[in-house]
Amino acid sequence: MALTVRDCSWKFDYNVGGMSLVSHHQRMRLVCLLALFAGATVEGARSEVVSFGRDVKPILASRCFACHGPDADEAGLRLHQQATALAELDSGDRAIVPGQPAQSTLLARINSADADLRMPPEGKSLKEEEIAALRQWISEGAVFEKHWAFVPTKSHAPPEIDRSDSSSNPIDAFILAKLQERGLSHAPPADKRTLARRVYYDVTGLPPTMEQLQEFLSDDRPDAYSRLVDRLLASPHYGERWARHWLDVVRFAETNSFERDAAKPFAWKYRDYVIHSLNNDKPYDQFIVEQLAGDELDHVTAETVTATGYYRLGVWDDEPADPLQSQYDELDNILTTTTQAFLGLTIGCARCHDHKIDPIPQTDYYGLLAFFADVTPYAMPHRREAKFHSLWDWSSNAVKKRREKLTSEQEMLQAEKRRIEQQAIEKMESPLQRLTETSEREKVLEEHLYHHLTDEDERQRYEVLVKQIEETKAMRSELPEPELILSLAKCDPHPDTMRVMSRGNPHTPGESVEPHFPVLFGDTPPQIPTAAQGARSAGRRLVLAKWIASPQNRLTSRVIVNRVWQHHFGRGIVRSSNNFGQLGTWPTHPELLDWLANWLVQHDWRLKSLHRLILTSNTYRMSSQSLPEGLANDPTNDLFWRFDMRRLSAEEIRDAVLLTTGRLNDKMFGPSIYPKLSQEVLQTQSMPGQGWQTSSPGEASRRSVYIHIKRSLIPPELANFDFPDPDSSCEARFNTTQAAQALNLLHGEFLQTQAARLAERVKNEAGDDWPTQVGHVLRLVLQRNPTEKTIVESLALVDRYRNKYHLPPDEALRQFCLMVLNLNEFVYLD
């Protein structure tokens, strides 16, 4: 059948979490060096200054640091920093002599033909291209420049370029400059239908309806596309789509993990907070501060308290073998997530020792951890209730006081009632006494209590107590329900002094440290206020939050604009979105990254403005058409010479199916939903089915962002399509193609059911005429008019269903709907 996606060029690359391990610049550098050795000229190759951080340090770290790095200085040589790398060795020689490769012992030893002298002494010798990079770096002066992400953003004017298009968008200038430098051109613009589907999915996570698509296609105004962008950014579905990206980063889930994987009450309120914040275009710096210190602001609201639910999203062990270790593991999880999410730093290895690559000593790890010292554990050790530390009652003071008074009275009455009961129990026979220690207690008391209450006054008092308890319960029930918020409800305003833990072990504390920022930033030490007597928190987190959200912070704005870019183009300008350190990937367009970071700050940190800037660029509006010169010179599209095709995410597939069948429930916010799961899936838990309800069909048809995320039980419709592990921050989802996806789409109960619903819709809207029915199915699913040839082939397929496989008409239509929902053209964009 002619129902396939149009021809496209596939590209293969080794990937980790969606990040290419080999950048285009590294490949071209290799080509240039090999050409130099061979005495050849490579068309398109260019000379490039070798960078210590990008080109040299990775070689030294992987091949040399074990003996000549931060932890070892054999022969008096340490290569991880300039002073020691250039110093005189024990032998009197110098490993590196800037500008003098022939005088540099390092090159002599790695090139030595003598096995006893050649370095490294074990493993394979360095590759020729690695040796060439070291030689060129030394020839160019052996400059140990500071890592690009550890210096402040620079002001770059958009390049002046020769351009044939009419775009005035600065993004296009930066992109085209790189392309022209390499002698490449960009792909032609995408057609209006392709562009509309792309921007609808990217902004809202939903496809356009046929009516919406037709409205855009028939709009001939020059600003029709920019109007569409504005309309989509104003849609409440924007927050639902982009909240999911943020929830991946902060490892959002609604349960604690471990064996019981108990629910986190009201975790959904944090999810709703994120959706509200994005839809309201809350400035990103405010978004940061509210999550890290929403309870420490001058004006604390229910919204800012809900934001601190951020601290309660991680895993929590309700029965730790080592409670102190578990407490510090929980704090480490918070610190790791915070530094990755907001700063793009992987600081976790400094918990046990100085960072081997980035300039982050162990004291900096604990200096940052000290800002979170007032954060209490999710719940008290060996008590599985979140209410003590994590549930904030936002009811009015009058209601709270009344509830507390009634609760106190009820507890006193119940204590007296139990005292009288115990007196009677002591007079009972031993078997009955033992039964009162079990679930049979109430039954025993009902049958035998009065026989053993011999004191008439005690009997009368007991009856009065029972009546008073019931009256108190009734009065409590008349009060409004507590407005509970999962949050940082209880803090330690006067935490113990933070200490450096030897090898990360909290049982072996070392020197004390004060809260401070990492030394690599070179910032003024923070002024930490002393918490007053009776204070609710230590006040430290607000200091940290304001520092992270400062326009002067060199990482925060870079990290967030890179995340926004990533979700529009499939990968960031820096592919390793959580790691801007020296083990991360280098930006393909560093000047553009800095320009966007500065632009965001200048525009009040408003993300919708950033979206609009990116979406209206010609770079975003390119087609995914393959160009021979692009494929030959930049096969991984590092230079953005075309738009990359992508498969829909798990949520997009599910939501698009629901929208297409006409069953999508667009209700927003509120408690999470529980789609129906098979018994086979429920059995995968250690306690099968525990904690999983089943929502009504209408509720279960809400958008996927509202699905209850249980760490031990991710629904197959999500898990099979690369939904991330919520135990840790996810910078970029895997993008796999595997058998379970096809099995889920063809045989999964969800698609089977939705195919039947699509068939019902088609029959209601198109009647009983087969050509009309198949045409309507194709239009609803593929959002285009099918060709006459496609209609003929579709009718032939339906005819086979009916005549060869003897399917009834309704079942034949359902099978046809299922087939169309499985087409690549539905599951892939562009």
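These numbers come from a predicted model, not from an experiment.

A. Focus on the pattern of salt bridges. Per the counting criterion, the structure on display carries 49 salt bridges. Here E699 ties to K667 by a salt bridge, and the two come within 3.3 Å at their closest N and O atoms. Of the two residues, E699 sits in helix 28 (residues 697–700) while K667 sits in the loop between helix 26 (650–661) and helix 27 (679–682), which places them 32 residues apart along the sequence. Within this structure, D295, E296, D374, R536 and R541 form a network of salt bridges that share partners.

B. Representation of unusual backbone geometry within the structure. In this chain, M119 is followed by P120 through a cis amide linkage whose omega measures -5°. Mapped onto the elements, P120 comes out in the loop between helix 5 (105–110) and helix 6 (128–139). With phi around 70°, F669 is a residue other than glycine that occupies positive phi space. Mapped onto the fold, F669 is located in the loop between helix 26 and helix 27. One non-glycine residue, D830, adopts positive backbone phi at about 65°. Along the chain, D830 falls in the segment after strand 9 (828–829).

C. Seen up close, the nonpolar core. Grouped together as the largest cluster of nonpolar side chains are 172 residues, with contacts concentrated most on W246, Y270, W565, L596 and F816. A per-element tally of this core places helix 34 (residues 809–821) first, with 8 residues. For W565, the contacting residues outside a window of four places in its chain are I171, I175, G570, R571, G572, I573, L592, L596, I614 and F640. Counting 26 residues, the second-largest nonpolar core is a separate cluster that includes V50, L60, L86 and L126.

D. Highlighting the environment of G662. Residue position: G662 is located in the loop between helix 26 and helix 27. When the C-alpha atoms of G662 and L782 are compared, they prove to be 15 Å apart, with 120 residues separating the residues in sequence.

E. Main features of helix 6. Given a rise of 1.5 Å per residue, 12 residues ought to cover 16 Å, and the 16 Å separating the end C-alpha atoms of helix 6 matches this to within 8%. Remark: G141 follows helix 6 within two positions and exhibits a positive phi of approximately 115°.

F. Spotlight on helix 8 (residues 192–204). Over its 13 residues, helix 8 runs 18 Å from end to end, which matches the ideal 18 Å to within 8%, given 1.5 Å per residue. For helix 8, a buried count of 11 out of 13 residues is recorded, marking the element as mostly surrounded by other parts of the structure. Measuring from the backbone nitrogen of R193 back to the side-chain oxygen at the start of helix 8 gives 3.1 Å, which picks out D191 as the cap. Directly beyond the C-terminal end of helix 8, a positive phi value near 75° is found at G205.

Criteria and thresholds
- Throughout this document, residue positions are counted from 1 along each chain, in the order its sequence is written.
- Given that this is a predicted model, residues contribute local features only at a pLDDT of at least 70 and side-chain atom pairs are listed and counted only at 80 or more, while totals for whole chains, interfaces and linings are drawn from all residues.
- Side-chain measures were taken over the full set of non-hydrogen atoms in the model, leaving aside hydrogen atoms and water.
- Salt bridge, as used here, is a side-chain nitrogen of Lys or Arg placed within 4 Å of a carboxyl oxygen of Asp or Glu.
- Segments assigned H or I by DSSP are reported as helices when at least four residues long, segments assigned E as strands when at least two residues long, and all are numbered from the N terminus.
- Note on terminology: a nonpolar core comprises buried Ala, Val, Leu, Ile, Met, Phe, Trp, Tyr and Cys residues joined through side-chain atoms within 4.5 Å.
- For the exposure calls, accessible area comes from a 1.4 Å probe over protein chains only, and a residue counts as buried if that area is under 20% of its type's maximum, exposed if over 50%, partly exposed in between.
- Every residue pair with non-hydrogen atoms within 4.5 Å of one another is taken to be in contact.
- Given a helix with a known number of residues, its expected span is that number minus one, times 1.5 Å.
- Throughout this description, a polar contact denotes any pair of N or O atoms lying within 3.5 Å of each other; where both atoms belong to protein, one of them has to be capable of donating a hydrogen while the other can accept it, and for residues adjacent in sequence the pair is counted only when both atoms sit in side chains.

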